[in-house]
Amino acid sequence: MVGWWLRTALRAPLPALAIRFATGGAFRGARSAELHSSPDTQTGEKQVKTLAQSVQSMGFAFALLALLSASACTSEPGAQPADLVIRGGRVLTLDASAPEGAALAVSGNSILAVGSVEAIEPFIGEGTTVIELRPENLVLPGLIDAHGHYMSLGESLMQLDLRTPRTWDDIVALVDDAAAQAEPGEWIVGRGWHQDKWDTPPVPVIEGLPTHASLSAVSPENPVMLIHVSGHGVFVNGRALELLGVSADTPDPEGGEFVRDDAGNPTGMLRETAQDLARAAVAEWESSRSPEEIEAYRRRQVELAGANALEHGITEVHDMGASFETIDFFKRMADEGSLPLRIYAHIEEPAERLEERLADYRMVGYGDGFLTVRGVGEKVLDGALGVHGGWLLEPYADMPRTVGFNVTPVEDIRRSAELAAEHGFQMAIQGIGDRAARELFDIYEEVFEANPELEDLRWRIEHCQIIHPDDMPRFAELGVIASIRGVFATSDGPWVTSRLGDERTRERGYAYQSMFQAGATVINGTDPPVEDINPMVNFHRSVTRKMENGEVFLPEQRLTREQALASYTVNPAFAAFEEDLKGTLAPGKLADI
């Protein structure tokens, strides 16, 4: 059965702002794109769209915000012709030996040379595509989002978008419209709400959250699952609670809870592991579709996520939480040449399954360099602060009854770490709260000490939102990479002090500059679909820490522009063991631009 949201998604157009560009025979399935100068003044957007429509395959990706003109030129006798030359702007290489240039030349999927316009001129041949930039245009290494959920990003673009509604009533109205289009029994799924971002609290309200009554009233024949922006909780309606068998008598699962009213009845909010019931029910409903529908849906996820990334200049995503089955799907698409951008994947499976299959899944540079699998993650050790799930050393200031949740058991994480060390995998585990981060430092240190022959492991802690000062030096001491979400500081800033209190927030919260000063390798990303994948927003928020209300959140923790750029280029390339291939613009490296 194809749900209302799948029917809509399969008809949705793809964005056309990103350029998928292939210029030489080294690109798989490539065909040349010819650009011609035009005497009219409509060269910018028109040529971007023409180029996007004319090119089949990708050797590198880049976002062109203002493409003015391009022309075919001839080369000097004896010079090696390039497939592509970009010139006229400022080329910021991030390569210490040659930090800047005004042009670069590309052959196949590799950079030939970087230098002045005059130095690159000999590389222009009869078949070379030349892109002329304005002097103010900036050419950068391809941006790497160091933490995302690739398939979830694609799926989120096919669901109700709950990021923009300003009240709970607005969300109910969206569900009302969707229910009017849905067949009875179809699941209605949305994602992106956050109770602390609404203009007014819902009525009635329990722990800052609504109850399901108004939602249930507009969707009596359809189960509804509304995913919190963090992904660490869902809100469901009465029909869903009935299908799930959740009542006042249902005990809370380990690592989660059903939020209840004063009479003990479930309100509809399922925190952390409690949401697994709803997600499993949606998955079972989706499995009733035909194999052809399922395949089309998964390919659409890949297509939409890739287009969304490329239109923002993202050339690689560090994908968190891929199952073995998803890796198999990625591998099949890589064999076809169908992956739209590079994926550096981390596997999320219970330790028992990792013990059985992990050794068979390590692959580096598979599918012409579009798929690498050498990580275990994100295997969330704790939950999210927004739903009071982050695992803290002390109780929440606004909910003293809890310190959050240990979601994936510590012993599972420890055994996964042992297997990762045994099979040459990187660990990349979520540690949002300070208790979770400390547990990860302890586990990593234990495994490092038990395997002294292993060097340069580059294990990671994901999110690192609350770090106790005593643990900050351990990043450098253990060689652990700090994987941050710069934009979280400004998204969470308006409400995080209520969770932690002022003193704890200033001492431990979102201390990204402190991580740099402590000697950590810091990498950045947007955690899509939790936040928009747009790296410019993340860059701006990392540098300014300016929230939507105009206030600056913990200004002493702002990153410099150089640090923010490194966190999207050279540092994530290092974190993926790919510093010899990408992260800077230098001869011989991949032409990810």
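What counts, and at which threshold
Residues numbered from 1 in each chain as written. Predicted model: local features only at pLDDT ≥ 70, side-chain atom pairs only at ≥ 80, totals over all residues. Heavy atoms only, no water. Helix = DSSP H or I, 4+ residues; strand = E, 2+ residues; numbered from the N terminus. Buried < 20%, exposed > 50% of the residue type's maximum accessible area, 1.4 Å probe, protein only. Contact = heavy atoms within 4.5 Å. Pairing = 2+ DSSP bridges. Axes fitted to C-alpha atoms, helices over the stretch in contact; angles between N-to-C directions. Phe/Tyr/Trp six-rings, centres within 6.5 Å; stacked < 30°, edge-to-face > 60°. Lys NZ or Arg CZ within 6 Å of the ring centre and 35° of its normal. Salt bridge = Lys/Arg side-chain N within 4 Å of Asp/Glu carboxyl O. Parallel < 35°, antiparallel > 145°, perpendicular 65-115°, else oblique.

A.B. asks: A description of unusual backbone geometry should follow, citing residues and the corresponding values.
C.D. replies: The step from Gly377 to Glu378 runs through a cis peptide bond, and the omega angle for that step is 5°. Along the chain, Glu378 falls in the loop between strand E19 (371-376) and helix H13 (410-423). For the peptide bond that leads from Pro528 to Pro529, omega is 10°, which places it in the cis range. Mapping Pro529 onto the fold places it in the loop between strand E23 (522-524) and helix H19 (535-544). Even without glycine at this site, His388 takes up a positive phi of about 60°. Along the chain, His388 falls in the loop between E19 and H13.

A.B. asks: Which residues make up the side chain of Gln465, and what are the values?
C.D. replies: Its location among the elements puts Gln465 in the loop between strand E21 (460-463) and helix H15 (474-478). A residue is classified by how much of its surface remains accessible, and Gln465, at 3% relative accessible area, is buried. Beyond its immediate stretch of four places on either side in the chain, Gln465 contacts Leu385, Gly431, Ile432, Phe488, Asp492, Arg508, Gly509, Tyr510 and Tyr512.

A.B. asks: Describe the sheet that holds strand E12 (residues 224-228), with residues and values.
C.D. replies: Strand order in the open sheet formed by six strands is E10-E11-E12-E13-E15-E14, with mixed pairing between adjacent strands. The open sheet is flanked by strand E10 (160-161) and strand E14 (256-260), the only strands paired with a single partner. Taken together, the five bridges between strand E11 (residues 188-193) and E12 define a ladder with parallel strand orientation. When the bridges of E12 are listed, Trp193 appears paired with His228. Across the face of the sheet, helix H8 (residues 276-286) comes into contact with E11, E12, strand E13 (233-236), E14 and strand E15 (266-272) while running at roughly 125° to E12.

A.B. asks: Hey, could you go over the packing of aromatic side chains for me, with residue numbers and the actual values?
C.D. replies: Under the counting rule described, the total for this entry stands at twelve aromatic pairs. Measuring from ring centre to ring centre gives 6.1 Å for Tyr150 and Phe330, while their planes differ by 80°; the resulting arrangement is edge-to-face. With a gap of 180 residues between them, Tyr150 in helix H4 (residues 150-156) and Phe330 in helix H10 (residues 324-336) connect regions that are remote in the sequence. For Tyr150, a relative accessible area of 2% translates into the label buried. The buried category is assigned to Phe330, whose relative accessible area is 0%. Where Trp193 meets Trp198, the ring centres are 5.8 Å apart and the plane angle is 25°; that geometry is what we call stacked. The two residues Trp193 and Trp198 agree in class, both being buried. Arg374 extends its terminal NZ or CZ atom over the ring of Phe577, reaching a point 3.8 Å from the ring centre. Note that Arg458 overlies the ring of Phe574, its terminal NZ or CZ placed 3.8 Å from the centroid.

A.B. asks: Which residues make up the pattern of salt bridges, and what are the values?
C.D. replies: All told, the structure shown has 44 salt bridges when counted by the stated rule. Linking Asp252 and Arg260 is a salt bridge whose minimum nitrogen-to-oxygen distance equals 3.0 Å. Members of the salt-bridge network, linked through shared partners, are Glu394, Asp434, Arg504, Glu507 and Arg508.

A.B. asks: Give me the packing of helix H16 (residues 486-500) against H19: which residues, what numbers.
C.D. replies: Two numbers describe how H16 lies on H19: the axes approach to 7 Å, and their chain directions differ by 70°. For the element pair H16 / H19, the angle class is roughly perpendicular. Contacts from Gly486, Val487 and Thr490 of H16 reach H19 at Val537, Asn538, Arg541 and Ser542.

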